[in-house]
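# Per-entry structural report
Here are the chains, one letter per residue:
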Amino acid sequence: MLWTDCLTRLRQELSDNVFAMWIRPLVAEEKDAILRLYAPNPYWTRYIQEHHLELISILAEQLSEGRVRQVEVLVDSRPGAILNANELPATTTAALQSESSSRNQPVLKREVESLATSAPQTTNKNSKKRQLNPLFTFSLFVEGRSNQMAAETCRKVLTQLGASQHNPLFLYGPTGLGKTHLMQAVGNALLQAKPNARVMYMTAESFVQDFVSSLQKGKVEEFKKNCRSLDLLLVDDIHLLAGKEASLVEFFYTFNALLDESKQIILTSDRYPKELTELDPRLVSRFSWGLSVGVEPPDIETRIEILLKKAESSGVDLPRNCALFIAQQVVANVRELEGALNKVVAISRFKGAAIDLDVVRESLKDVLAIRARTISTENIQRVVSEYFRIPLKELVGPKRTRIYARPRQLAMGLARELTGDSFPEIGMAFGGRDHSTVMHACEKVQSLKQQDPIFNEDCKNLLRLLQS
């Protein structure tokens, strides 16, 4: 059903909390080229109209192949009127095993079993018609020091499509930092410039799904032809191919065929290529042929700009001091950042009050409680002392020798960025130092990050440890 397919795509595009809170409970009905969505109350209806209607409308038109031209959001709670979101289609293990065993393919059988127990899937009909997210463009991507090189490289790929120095382009880094956005921005920009270009976006899981389906239906040659005649192949979360032997072999040949024809490939993963030890070494070696670019967690300035841009695009008035507060509390990734903003907006509208620090604190009280337990100045001091292998008493003590002074300055800078504590509060935690000392340490940290690659790498490693 159309709405089922839309739900599958929306689950991928939205944060888990937004999908569960606002999208899953909707009830849908398709009639006369109109997709009607029924929400429990007027407030819910307004929220969907203001924040998600544009994306839903685009997906509905694409997935229906133009059959649906309009999406309406109405107030009407009617449980059971249509397939519930919890009932997203998934082929049963027994049926898949039956077809697999009939072909006597033990490797395929294992992949089918894995596929049947994985996340909800699209139907085969739409798996061949996966579309790029139209909202994933370069203009809507917020750049900062943590992702600037990746963004610039993706733009360069457009001007030199298939050039050996960045083919394949391998984007790596923790989840939720914008790798998928950048990857799809290349695809969207290419299609805008060349509407007839053959572009395919898929996750590693959907590659396995399509390959298994083609084997079961005797359409392997059609699958190969589709994959190997592309101008641009975009594959997300390539590390998830681990353990899928048959699919890995097919991907290996597809990968080589596209490279031989100088067709562009862009891959994403949560790790650097050489760290993907569970994949075939030959494939990992080929991932390193082009250019690998890391995407790091956004710094606080970038997090603030992301929040302000997201609020502006949604027509929300977000004061800068509120954006600063949210950015100080949510540091892990962009998805969590946007999820926090959505919750603030929802609470603000529910209360009928403008967004201010009181509303933000109330909205993020659960986040604040967890964060207070996990990220504190004391915890930062402990992690930094263990990382540099220096005694904690020396880290906060009076000695000014370089071996202690640099880690101390870095710990102060991290405390300022991650805890939101004031300069005097941080100074007191570091042996009763004056607030001016902490200010100097924070300025020094920013300067050293630009000038000293080793210091910058230490800072990134500590951020990962504290945010994991």
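Note: the structure precedes this text.
The structure reproduced in this document is the subject of the present report.

## Structural notes on the sheet that holds strand 2 (residues 34-39)
The sheet built from three strands is open, its strands ordered 1-2-3 with mixed pairing. Two strands lie at the open edges of the sheet, namely strand 1 (27-31) and strand 3 (70-75), each paired on one side alone. Along the sheet, successive strands turn relative to each other by an average axial angle of 25°, direction set aside. Relative to strand 2, strand 1 runs antiparallel, the two sharing five bridges. The residue bridging Val27 from the neighbouring strand is Tyr38, located in strand 2. Against the sheet, helix 4 (residues 53-63) engages strand 2 and strand 3, with an angle of about 135° to strand 3.

## So, the packing of helix 14 (residues 300-313) against helix 15 (residues 320-329)
Between helix 14 and helix 15, the least distance of the axes is 9 Å, while the angle of their chain directions is 125°. With respect to helix 15, the axis of helix 14 lies oblique. As helix 14 packs across helix 15, the resulting crossing turns out to be right-handed. Residues Ile300, Arg303, Ile304, Glu305, Leu307 and Leu308 of helix 14 pack against Arg320, Ala323, Leu324, Ile326, Ala327 and Gln328 of helix 15. Of the residues assigned to the contact of helix 14 with helix 15, the class counts are eight nonpolar, one polar and three charged.

## Quick word on the environment of Gln329
Here Gln329 shows up in helix 15. Each C-alpha atom, one on Gln329 and one on Leu418, is 7.0 Å from the other, the two residues being 89 residues apart in sequence.

## Thoughts on the pairing of strand 7 (residues 264-269)
Within strand 7, six of the six residues are buried, which leaves the element mostly enclosed by the surrounding structure. Where strand 6 (residues 232-236) meets strand 7, four bridges bridge the pair, whose relative direction is parallel. The partner of Leu234 across the bridge, within strand 7, is Ile266. Crossover strand 6 to strand 7 through helix 12 (residues 245-260) is right-handed.

## Considering the sheet that holds strand 5 (residues 199-203)
Read from one edge to the other, the open sheet built from five strands follows the order 5-6-7-4-8, with strand pairing classed as parallel. Single-partner strands in this sheet number two, and they are strand 5 and strand 8 (291-294). Neighbouring strand axes in the sheet, compared pairwise and without regard to direction, differ in orientation by 15° on average.

## Things to note about the pattern of salt bridges
Considering all chains together, one arrives at 14 salt bridges under this definition. Note that Glu362 and Lys351 form a salt bridge whose closest N and O atoms lie 2.8 Å from each other. Residue Glu362 is located in helix 17 (residues 357-363), and its partner Lys351 is located in helix 16 (residues 334-351); the two are separated by 11 residues in the primary sequence. By relative accessible area, Lys351 is classed as partly exposed at 46%.

## Concerning unusual backbone geometry
In this model, Asn167 is joined to Pro168 through a cis peptide bond whose omega is 5°. Relative to the elements of secondary structure, Pro168 occurs in the loop between helix 8 (148-159) and strand 4 (169-172). You will see that Ser262, though not glycine, has its phi angle at about 55°, which is positive. Considering the arrangement of structural elements, one finds Ser262 in the loop between helix 12 and strand 7. Judged by relative accessible area, Ser262 falls into the partly exposed class, the value being 45%. If you check the backbone angles, Arg389 has positive phi at about 55° while not being a glycine. Note that Arg389 resides in the loop between helix 19 (377-388) and helix 20 (392-395).

What counts and what doesn't
- Residues numbered from 1 in each chain as written.
- Predicted model: local features only at pLDDT ≥ 70, side-chain atom pairs only at ≥ 80, totals over all residues.
- Heavy atoms only, no water.
- Pairing = 2+ DSSP bridges.
- Helix = DSSP H or I, 4+ residues; strand = E, 2+ residues; numbered from the N terminus.
- Axes fitted to C-alpha atoms, helices over the stretch in contact; angles between N-to-C directions.
- Contact = heavy atoms within 4.5 Å.
- Parallel < 35°, antiparallel > 145°, perpendicular 65-115°, else oblique.
- Left-handed = near helix turned anticlockwise from the far one by under 90°.
- Nonpolar A, V, L, I, M, F, W, Y, C, P; charged D, E, K, R; others polar.
- Buried < 20%, exposed > 50% of the residue type's maximum accessible area, 1.4 Å probe, protein only.
- Right-handed = clockwise from strand over helix to strand, strands pointing away.
- Salt bridge = Lys/Arg side-chain N within 4 Å of Asp/Glu carboxyl O.

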